[in-house]
Amino acid sequence: MTEILFGLYAADQVYCDNQNSDYFLDDTVLCLILDLDVGNISSLDSELNGFDFTGDMIRNLPAIEELKKAKKDGHHVRIWFCPANPSEMMSLMYLCYVLKDSECPVSCVQISNTFDLNGIVLKINSTDEAPVEMLRAKRAQSVVMSMNMRNYFASEFERVKNENSQLRTLINERMVSVPENFFDGFIMDSVTDEFTPITQIIGSVTRKVSGLNERFIYNRILQLKDEDILSIHSLNSGKYSEFVMRKGETDNA
């Protein structure tokens with residue numbers, strides 16, 4: 001079986017569980033992440049040939065090579081995903097698009113958005129946030145994904161692929177293409193009238209919006225500075241070392 005998860009921590013936990021199992025599960029465990037801001041996806045095709053990932057997306061190439069092998073050999077593919085996370089839904093759609101012409105069986109493990117851990121209810125926004133106890137419990141709840149469901153998610157990915165927006169998000173359980181400035185309000189809500197470390201602002205935004213890459217938020221902050229909306233001060237030339245504040249009327253004078 002080929003296990004696919006959309007988080008490094010969760011993939012590592014499942015892999016370790018497989019290794020430590022009484023029955024030793026010799027599964028391939030892959031981590032594949034398709035950020036909402038991956039940008040140009042027009043060249044992503046179902047044969048996994050000739051596409052050109054940019055930036056951090058290069059990290060997915062080993063996983064995609066293993067997925068090609070699983071598709072070719074007809075191995076059982078099991079996908080773990082959290083429907084509350086837009087980035088994971090984007091990744092799920094992509095995988096169904098890749099496997100749409102394959103006869104290999106596909107099942108899924110759905111990570112719910114809450115989990116009761118010894119009487120404490122945890123809110124789960126991504127597979128990576130799921131504690132190992134939840135991952136172990138959910139493994140037994142794996143269900144077969146019907147061909148109709150696979151085709152639906154594949155067609156949804158094809159739609160957003162053709163739209164080829166720079167950014168997308170999940171609205172009313174549907175992936176929607178949105179303009180680059182769609183999440184700027186979350187950035188502005190995290191900025192004050194005093195200089196704040198840019199890393200603190202990025203962290204605040206990622207806690208509010210699942211699936212956004214830190215690089216994308218960083219570049220949006222720089223863009224807001226170029227648009228004369230934010231002021232940025234840096235003690236050195238290092239990336240992510242900047243301090244950010246709202247630009248007041250006196251600054252614009």
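Residues numbered from 1 in each chain as written. Predicted model: local features only at pLDDT ≥ 70, side-chain atom pairs only at ≥ 80, totals over all residues. Heavy atoms only, no water.

## Some points on the overall build of the protein
So, point 1. When you go through the protein residue by residue, the secondary structure sums to 9 helices and 12 strands.
So, point 2. Residue burial in the protein is summarised as follows: out of 253 residues, 47% are buried.
So, point 3. Considering only contacts within the protein whose residues lie at least 6 apart along the sequence, 66% involve residues at least 24 apart.
So, point 4. Summed over all atoms, the accessible surface of the protein reaches about 12,800 Å², with 48% contributed by carbon and sulfur. (Helix = DSSP H or I, 4+ residues; strand = E, 2+ residues; numbered from the N terminus. Buried < 20%, exposed > 50% of the residue type's maximum accessible area, 1.4 Å probe, protein only. Contact = heavy atoms within 4.5 Å. Areas by Shrake-Rupley, 256 points an atom, 1.4 Å probe, with all protein chains shown as cover.)

## Section: the nonpolar core
The tendency in soluble globular proteins is for nonpolar side chains to be buried as a group.
So, point 1. Ile4, Val77 and Leu92 are the most contacted members of the largest nonpolar core, which has 30 residues in total.
So, point 2. If you list the elements that add at least two residues to this core, you get helix H2 (61-73), strand E3 (77-81), helix H3 (86-98), strand E4 (106-110) and helix H5 (147-163).
So, point 3. Broken down by element, the residue count for this core peaks at 9 residues, all from H3.
So, point 4. Ile201, Phe216, Leu230 and Val244 belong to the second-largest nonpolar core, a separate cluster that totals 19 residues. (Core = buried A, V, L, I, M, F, W, Y, C linked by side-chain atoms within 4.5 Å.)

## Brief notes about helix H8 (residues 214-226)
Along an α-helix, residues three or four positions apart point the same way, because every turn accommodates 3.6 residues.
So, point 1. Compared with the 18 Å implied by 1.5 Å per residue over 13 residues, the 19 Å span of H8 between its first and last C-alpha is a close match.
So, point 2. For H8, every residue scored as buried is listed here: Phe216, Ile217, Tyr218, Arg220, Ile221 and Leu224.
So, point 3. Downstream of H8 by a residue or two, Asp228 has a phi angle that is positive, lying close to 65°. (Expected span 1.5 Å × (residues − 1).)

## With respect to the packing of helix H1 (residues 8-20) against helix H4 (residues 132-139)
So, point 1. Orientation of H1 relative to H4, taken along the N-to-C sense of each, is 65°, at an axis distance of 10 Å. Judged by the twist between their axes, the crossing of H1 over H4 is right-handed. Across the interface between the two elements, Ala10, Gln13, Val14, Asp17 and Asn18 of H1 pack against Val132, Leu135, Arg136 and Arg139 of H4.
So, point 2. A class-by-class count of the residues in the contact of H1 with H4 yields 4 nonpolar, 2 polar and 3 charged. (Axes fitted to C-alpha atoms, helices over the stretch in contact; angles between N-to-C directions. Left-handed = near helix turned anticlockwise from the far one by under 90°. Nonpolar A, V, L, I, M, F, W, Y, C, P; charged D, E, K, R; others polar.)

## So, the pattern of salt bridges
So, point 1. Throughout the structure, instances matching the rule amount to 8 salt bridges.
So, point 2. Here Glu163 ties to Arg159 by a salt bridge, and the two come within 3.3 Å at their closest N and O atoms. One end of the pair is Glu163 and the other is Arg159, both in helix H5 and 4 residues apart, which spans about a single turn.
So, point 3. Judged by its relative accessible area of 18%, Arg159 falls in the buried class.
So, point 4. Residue Asp184 is joined to Arg220 by a salt bridge in which the shortest nitrogen-to-oxygen separation is 2.6 Å. With Asp184 in helix H6 (residues 184-190) and Arg220 in helix H8, the pair connects residues that are 36 residues apart, well separated along the chain. The two residues Asp184 and Arg220 agree in class, both being buried.
So, point 5. Salt bridges linked by common partners bring Glu156, Arg159, Glu163 and Arg174 together as one network. (Salt bridge = Lys/Arg side-chain N within 4 Å of Asp/Glu carboxyl O.)

## Structural notes on the sheet that holds strand E11 (residues 230-234)
So, point 1. If you walk across this open sheet you meet the 3 strands as E10-E12-E11, and the pairing is antiparallel. Edge positions in the sheet fall to strand E10 (196-197) and E11, since each has one partner strand and no second.
So, point 2. Across 2 bridges, E10 lies against strand E12 (residues 242-246) in antiparallel orientation. Looking at E12, one finds that Thr196 is bridged to Val244.
So, point 3. Running at roughly 110° to E11, H8 makes contact with E11 and E12 of the sheet. (Pairing = 2+ DSSP bridges.)

## Regarding unusual backbone geometry
So, point 1. We note that Asp228 has phi near 65°; this positive angle belongs to a residue other than glycine.
So, point 2. Not every positive phi belongs to a glycine, and Tyr240 is a case in point at roughly 70°.
So, point 3. Mapping Tyr240 onto the fold places it in the loop between E11 and E12.

## Brief notes about the sheet that holds strand E1 (residues 2-5)
So, point 1. In space, the 5 strands of this open sheet follow the order E2-E1-E3-E4-E7, with mixed pairing throughout. At either end of the open sheet lies a strand with only one pairing partner, and these are strand E2 (28-31) and strand E7 (143-144).
So, point 2. Of the pairings in the sheet, the one linking E1 to E2 comprises 4 bridges and is parallel in character. The residue of E2 that forms the bridge with Leu5 is Cys31.

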